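What follows is the residue order along each chain.
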Amino acid sequence: MSHDDVGPRAVKRSVVFLTAGALAVPALAACSADEEVSKPVAAQDIAPAARTLLADGGTLRWAVDAVPGTLNTFQADSGAATTRVAGAVLPSMFRLDTNGRPEIDQDYLESAKVESTEPKQVVVYRLNKRAVWNDGRKIGADDFAAQWRALSGRDSAYWTARNAGYDRIEKVERGANSHEVKVTFGKPYADWRSLFSPLYPKDVTGSPNSFNDGARTGLKVTSGPFSVKNVDAKAGTITLARNPRWWGRPAKLSEIVLVAVPRDQRAAALAGGKIDMAEIDPEEAGRITFAAGNQGSTSLRGPSGTATADAASASAPAEPSGSAAEPSAAEPSSAGPGGESGASSGERQTLRGFALHKSLEPAYTQLALNGSRGPLSDERVRRAVARALDRKELAGLVLKPLGLPVVPVGSHLALSGQDAYADNSGALGDQDTAQAQTLLSEAGWVPGGPIKEEKKKTAGSEEKKSSEPAQKKSSEPSEKKSSGPEEKKTAGADATKAAGSDGKNAGGDDKGPRNEPGDPAQEHDQSGMPGAYAPKGTAAPAGTTGAVVAKDGKPLQLRFVLPSGAGSATLRTVGDRIARMLEKVGIRTEITKVPDDSYFKDHVAAGDYDLALYSWPASAYPATDARPIYAKPVPAADGSLSIEQNYTRIGTDQVDQLFAQAIASLDGKEERDLVRKADARIWAAAGSIPLYQRPQLTVTRSDLANAGSFGFQTPVYENMGFLKKGARPPASPSASPSS
């Protein structure tokens, strides 16, 4: 997923928590005032170079997933490319620095600050006097006011996807002069810096018709280093040209062409000379690394500029990529078979002119637990699941093969480097098998008891599955075999025996339900890596696999839904390892694989799962953007449950109150502390378990500078360019170029 996919305002976010509150919640206080400020786990990697080293002109062909249906970022069908275009052609009052923190964009603003808080909050923006739209009109209060009216939610004729923050504004007016904009809030709003970024001209936001349709296929009026030259949906391109009216540092590139290229075709497009820059999956990284390695160049260059993994490790079957789906998309695939790196001699010759840049995306992958049904409606069972997981081991599956730091994410609401970040995982606790089993016992789930009518129920469920072809395809191999001895062993053997029973069953057949035949993850797990199982037939040491726990004659079995597509292999690798960890505490999983295009809509969003893996973007404004993700579900007028984007369906009144207090606080430290307290409560509820920050792998031409894996930072489009002939490319990242 691109940097733009996970920008702070790129997607609508929301979730909720429903906790019984029966268990004590330790360590809920925010971090101490004298704590060290966190830093990003991995630095950005963008091949920095001074502008004086860059040639004037040239066209950058940059891969995107698709040409979007609109160039209006505030509409529901906007996409990653919409955000990328907006960043290059529209004003933003604030942009994100390398730590993911907002800072004034001085090309548009001289200053912006809260001038008063009583009787109402008033923010005054002092605009750069040179800031104009490309038609010559000065940027002013009329543009701010038109955007506020369009996004306030007061006029349903505007087709908007979100109005957070704008709905708290009372009025927008001219300040002391034409370069000042005065915004008065009806309710205090802590995240006021999130507003008017991007800022559209009043030509777009001034009426419902222009807002709804005026920016779908083009943007005539813009104000950035680039302007929109052409949108060709049929050819799959968006062309941005240098803006002659731009008053800031001139863009080095003449044009940027965004080219729609599916991820699985990007290595070929790079080798074919069709694109110059693309985010790729680890399997493609292995292919490119192999080609570059044969030419004696450094591969898998990380922030230090040194090689961190060779082609073999980059394309080994066990190597997952680090992304789960945004709640609407599947994550990039893990590396496939080693043959994927077998580039042709022609490709090797071409690909040696490219460099691979590595960092971490501003997004994290989590395990979601559906608390609206079944055993996971009991907070003790959810906490037991969480205590069974070794999050560092899971992060290592994804990040270690890529040479990226193996650091589990410690917050639901921010990532390391951001103001609100604090590791609050202690509110739930680290991996502890004994504690997990104790929690299960307290909830009535105990090992070794008989399972009533297990054989009959299994057969019945299989008959039902046989009448539903799509579901049958989603099932694991042993689930498809409805009557063999292997099914009997998997479903009931460990439930009726003590933990020290026949090791062959525990160590061999129990793996069946969680691996497809020939699954690379299965082959890898048998190789002896930490947390792996021995080959089939090897006796497991006593206690390594817990007896299946049962309650009222029923085994504790959770339905783990995962996407089945080739681009989702990482999720399946991580999901398989999670299933093994749960097995050790006596929890069985039924892994169901479903098509990628229905994974989120028909299963996660619909609540048709017990366990699922997907990602959320980090935000510089968590009090605004994360609130709907963790807000408590409430009954809707039609009798259904309104969950916003809370797909775990777990929420508490305390979390809601903390978010409400944070969003209304104009004291930055108080807001941060309230967000951290909310995060600790979210951890304690165990509705979702953050696992790892997703890797960001970007391939660029080796002579392209100031572009690559941006990490948190908003790209500086005017500084991207190709090195002059004879100029040496930088060996490692450094501060942003100044001239």
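Note that the structure is predicted; figures quoted are calculated from it, not measured.

## Re the overall build of the protein chain
Okay, step 1: For the protein chain, the helix and strand inventory stands at 23 helices and 23 strands.
Okay, step 2: A buried classification covers 58% of the 739 residues belonging to the protein chain.
Okay, step 3: Long-range contacts, defined as pairs at least 24 residues apart, comprise 75% of the intrachain contacts of the protein chain with a sequence gap of at least 6.
Okay, step 4: Surface exposure of the protein chain reaches about 27,800 Å², of which carbon and sulfur atoms provide 50%.

## What about the packing of helix α10 (residues 391-399) against helix α18 (residues 569-583)?
Axes are the key here: two packed helices are described by the angle between their axes and the distance separating the axes.
Okay, step 1: Look at α10 against α18: their axes get within 10 Å of each other, and the N-to-C directions meet at 155 degrees. One way to sum up the angle between α10 and α18 is to call them roughly antiparallel. Considering the relative orientation of α10 and α18, their crossing is right-handed. Contacts from Glu 393, Leu 394, Leu 397 and Val 398 in α10 reach Thr 570, Thr 573, Val 574, Arg 577, Ile 578 and Met 581 in α18.
Okay, step 2: Looking at the contact of α10 with α18 residue by residue, the class counts come to 6 nonpolar, 2 polar and 2 charged.

## Some words on helix α22 (residues 653-664)
Okay, step 1: The terminal C-alpha atoms of α22 lie 17 Å apart, and with 12 residues this matches the ideal 16 Å at 1.5 Å per residue to within 8%.
Okay, step 2: Buried residues along α22 sit against α20 (622-625), α21 (627-630) and α23 (668-685).

## Some remarks on the confidence of the model for the protein chain
One rule of thumb: low pLDDT means the predicted coordinates there are not for detailed reading.
Okay, step 1: The predicted model of the protein chain has a mean per-residue pLDDT of 80, with 72% of residues at 70 or higher.
Okay, step 2: A low-confidence stretch, residues 294-326 (pLDDT under 50), is modelled with 127 contacts involving residues beyond four sequence positions or located in other chains.

## Some thoughts on the side chain of Arg 391
Okay, step 1: Along the chain, Arg 391 falls in helix α10.
Okay, step 2: A polar side-chain atom of Arg 391 sits 2.6 Å from the main-chain carbonyl oxygen of Val 409.
Okay, step 3: At 2.9 Å, the side chain of Arg 391 and the backbone oxygen of Pro 690 are in polar contact.

## Re the side chain of Asn 370
Okay, step 1: One can find Asn 370 in the loop between β12 (354-369) and α9 (379-388).
Okay, step 2: In terms of polar contacts, Asn 370 uses its side chain to reach the side chain of Ser 372, at 2.7 Å.
Okay, step 3: Ignoring sequence-local partners within four residues, the contact set of Asn 370 consists of Leu 376, Gly 607, Tyr 609, Asp 610, Thr 648 and Arg 649.

## Regarding the packing of α22 against α23
Okay, step 1: Where α22 contacts α23, the two axes come as close as 9 Å, and the packing angle between them is 165 degrees. On the basis of the axis angle, α22 is roughly antiparallel to α23. Handedness of the α22/α23 crossing: left-handed. Facing Gln 654, Val 655, Leu 658, Phe 659, Gln 661 and Ala 662 of α22, the residues of α23 in contact are Glu 671, Leu 674, Val 675, Lys 677, Ala 678, Arg 681 and Ile 682.

## A few points about the nonpolar core
Okay, step 1: If you look at the biggest cluster of nonpolar residues, it comprises 166 residues, and the most contacted ones within it are Tyr 125 and Leu 367.
Okay, step 2: For Tyr 125, the residues in contact, after removing those within four places along its chain, are Met 93, Leu 109, Ser 111, Ala 112, Phe 144, His 179, Glu 180, Val 181, Val 183, Trp 192 and Phe 196.

## Examining the packing of aromatic side chains
Okay, step 1: Applying the stated criterion across every chain, the model contains 20 aromatic pairs.
Okay, step 2: Measuring from centroid to centroid gives 6.0 Å for Tyr 108 and Trp 246, while their planes differ by 55 degrees, and the two rings are tilted. Of this pair, Tyr 108 sits in the loop between β3 (102-104) and β4 (109-116) while Trp 246 is found in the loop between β9 (237-242) and β10 (255-260), placing the two residues 138 residues apart along the sequence.
Okay, step 3: In this structure Trp 246 comes out as buried when scored by relative accessible area, which is 10%.
Okay, step 4: Among the aromatic side chains, those forming a connected cluster through ring pairs are Phe 74, Phe 94, Tyr 125, Phe 144, Tyr 166, Trp 192, Phe 196 and Tyr 200.
Okay, step 5: The ring of Trp 62 has Arg 84 lying over it, and the distance from NZ or CZ to the ring centre is 4.1 Å.

## Some words on the pattern of salt bridges
Okay, step 1: Counted by the stated rule, this structure contains 31 salt bridges.
Okay, step 2: Across the salt bridge formed by Asp 432 and Arg 387, the nearest N and O atoms sit 4.0 Å from each other. With Asp 432 in the loop between α10 and α11 (433-442) and Arg 387 in helix α9, this pair connects stretches of sequence that are 45 residues apart.
Okay, step 3: Several salt bridges converge on common partners, so that one network encompasses Arg 61, Asp 276, Arg 701 and Asp 703.

## Looking at the sheet that holds strand β15 (residues 554-555)
For sheets, the rule is that strands pair by backbone hydrogen bonds, running either parallel or antiparallel.
Okay, step 1: Ordered in space as β13-β14-β15, the 3 strands form an open sheet in which the pairing is antiparallel. Unpaired on one side and paired on the other, β13 (446-447) and β15 mark the two borders of the sheet.
Okay, step 2: Taken together, the 2 bridges between strand β14 (residues 549-551) and β15 define a ladder with antiparallel strand orientation. Residue pairing for β15: Ala 550 is matched across the bridge by Pro 555.

## Some words on the environment of Asn 646
Okay, step 1: Structurally, the position occupied by Asn 646 is in the loop between β20 (641-642) and α22.
Okay, step 2: Using a relative accessible area of 0% as the deciding quantity, one classes Asn 646 as buried.
Okay, step 3: At 3.3 Å, the side chain of Asn 646 forms a polar contact with the backbone oxygen of Ala 631.
Okay, step 4: A distance of 3.3 Å separates a polar side-chain atom of Asn 646 from the backbone oxygen of Ile 650.

## Let's talk about the environment of Gln 75
Okay, step 1: When you line up the elements, Gln 75 lands in the loop between β1 (59-64) and α1 (80-89).
Okay, step 2: In this structure the C-alpha to C-alpha distance between Gln 75 and Arg 216, which are 141 residues apart in sequence, comes to 9.5 Å.
Okay, step 3: Setting aside residues up to four positions removed in sequence, Gln 75 forms contacts with Thr 70, Trp 159, Ala 161, Phe 211, Asn 212 and Arg 216.

## Comments concerning the environment of Arg 84
Okay, step 1: Relative to the helices and strands, Arg 84 is located in helix α1.
Okay, step 2: Each C-alpha atom, one on Arg 84 and one on Leu 258, is 9.0 Å from the other, the two residues being 174 residues apart in sequence.

## Quick notes on the sheet that holds strand β7 (residues 180-185)
Okay, step 1: Across the sheet, 4 strands lie side by side as β4-β5-β7-β6; this open sheet has antiparallel pairing. Each end of this open sheet is capped by a strand with a single partner; those strands are β4 and β6 (169-174). Taking the axes of each pair of neighbouring strands and ignoring which way they run, one obtains an average angle of 15 degrees across the sheet.
Okay, step 2: Looking at chain direction, β4 and strand β5 (residues 122-127) are connected through 6 bridges and run antiparallel. Bridge pairing in β5 places Lys 113 opposite Val 124.
Okay, step 3: Helix α2 (residues 141-151) contacts β5, β6 and β7 of the sheet and is inclined by roughly 160 degrees relative to β6.

## Things to note about α2
Okay, step 1: Of all 11 residues in α2, 9 are buried, a share of seventy percent or more.
Okay, step 2: Listed in full, the buried residues belonging to α2 are Ala 141, Asp 143, Phe 144, Ala 145, Ala 146, Gln 147, Trp 148, Ala 150 and Leu 151.
Okay, step 3: The inward-facing, buried residues of α2 abut β5, β6, β7, α3 (202-205) and α4 (208-213).
Okay, step 4: A positive backbone phi angle near 85 degrees is found at Gly 153, which sits one or two residues after α2.

## Here we look at the pairing of β9
Two faces make up the sheet, and in a regular strand the side chains alternate between them.
Okay, step 1: When you tally the buried positions in β9, you get 5 out of 6 residues, the bulk of the element.
Okay, step 2: Here 6 bridges tie strand β8 (residues 226-232) to β9, and the two strands are oriented antiparallel to one another. Residue Ser 227 lies in a different strand from β9, and its bridge partner there is Ala 241.
Okay, step 3: Taking the residues between adjacent antiparallel strands as the criterion, β8 and β9 are bridged by 4 residues, where Gly 236 takes a positive phi near 75 degrees.

## Section: the pairing of β5
Okay, step 1: In terms of burial, β5 is a largely internal element, 5 of the 6 residues being buried.
Okay, step 2: Where β4 hands over to β5, the hairpin turn is made up of 5 residues, counted between the paired strands.
Okay, step 3: As judged from the 5 bridges shared by β5 and β7, these two strands associate in the antiparallel manner. Looking at β7, one finds that Arg 126 is bridged to Glu 180.

Calculation criteria
- Residues numbered from 1 in each chain as written.
- Predicted model: local features only at pLDDT ≥ 70, side-chain atom pairs only at ≥ 80, totals over all residues.
- Heavy atoms only, no water.
- Helix = DSSP H or I, 4+ residues; strand = E, 2+ residues; numbered from the N terminus.
- Buried < 20%, exposed > 50% of the residue type's maximum accessible area, 1.4 Å probe, protein only.
- Contact = heavy atoms within 4.5 Å.
- Areas by Shrake-Rupley, 256 points an atom, 1.4 Å probe, with all protein chains shown as cover.
- Axes fitted to C-alpha atoms, helices over the stretch in contact; angles between N-to-C directions.
- Parallel < 35°, antiparallel > 145°, perpendicular 65-115°, else oblique.
- Left-handed = near helix turned anticlockwise from the far one by under 90°.
- Nonpolar A, V, L, I, M, F, W, Y, C, P; charged D, E, K, R; others polar.
- Expected span 1.5 Å × (residues − 1).
- pLDDT = per-residue confidence, 0-100.
- Polar contact = N/O pair within 3.5 Å; in protein donor to acceptor, adjacent residues only side chain to side chain.
- Core = buried A, V, L, I, M, F, W, Y, C linked by side-chain atoms within 4.5 Å.
- Phe/Tyr/Trp six-rings, centres within 6.5 Å; stacked < 30°, edge-to-face > 60°.
- Lys NZ or Arg CZ within 6 Å of the ring centre and 35° of its normal.
- Salt bridge = Lys/Arg side-chain N within 4 Å of Asp/Glu carboxyl O.
- Pairing = 2+ DSSP bridges.

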